[in-house]
Amino acid sequence: PAESLTTFTYDDHPNPWQLLFSAVGVVLPEMEGHNFSRNNPLSADIDLIPGVAGDPHVLVRWQYRYDVTGYPVSISADDGSAAVTVRYQ
């Protein structure tokens with residue numbers, strides 16, 4: 001759609017994509033489509049036609065497995081996309 005409204009909820013753990021974005025200062029092609037919030041998104045409620053009652057919504061939820069320092073080491077979504085493994089160096 002030409003316009004949509006997305007409402008996110010977040011966890012309280014550091015987002016690795018935001019950390020990478022902060023380190024390099026640019027959005028690398030591999031990072032396109034990732035959320036750059038300080039924390040990891042738990043859900044996204046996408047209102048496809050804002051302001052219209054009963055319009056279609058898409059709800060995506062993410063699940064994380066964290067390491068001992070609170071950083072995610074695996075990320076999966078319920079939208080059918082491939083799970084992501086995060087490795088820190």
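Here the structure is shown first, and the text comes after it.
Residues numbered from 1 in each chain as written. Predicted model: local features only at pLDDT ≥ 70, side-chain atom pairs only at ≥ 80, totals over all residues. Heavy atoms only, no water.

Caption draft 1: Layout of the side chain of Ser-37. Among the secondary structure elements, Ser-37 is positioned in the loop between α1 (16–24) and β2 (39–47). Within the structure, Ser-37 has its side chain in polar contact with the backbone nitrogen of Asn-39 (distance 3.2 Å). Setting aside chain neighbours within four positions, we find Ser-37 in contact with Tyr-10, Asn-15 and Gln-18. (Helix = DSSP H or I, 4+ residues; strand = E, 2+ residues; numbered from the N terminus. Polar contact = N/O pair within 3.5 Å; in protein donor to acceptor, adjacent residues only side chain to side chain. Contact = heavy atoms within 4.5 Å.)

Caption draft 2: Expanded view of the environment of Gln-63. Positionally, Gln-63 belongs in strand β3 (residues 57–66). Under the relative-accessibility criterion, Gln-63 is labelled exposed at 58%. In contact with Gln-63, other than residues within four places in its own chain, are Ser-74, Ile-75 and Ser-76. (Buried < 20%, exposed > 50% of the residue type's maximum accessible area, 1.4 Å probe, protein only.)

Caption draft 3: Representation of the side chain of Asn-15. Within the secondary structure layout, Asn-15 lies in the loop between β1 (5–14) and α1. Setting aside its immediate chain neighbours within four residues, Asn-15 contacts Asn-35, Phe-36, Ser-37, Arg-38, Asn-39, Asn-40 and Pro-41.

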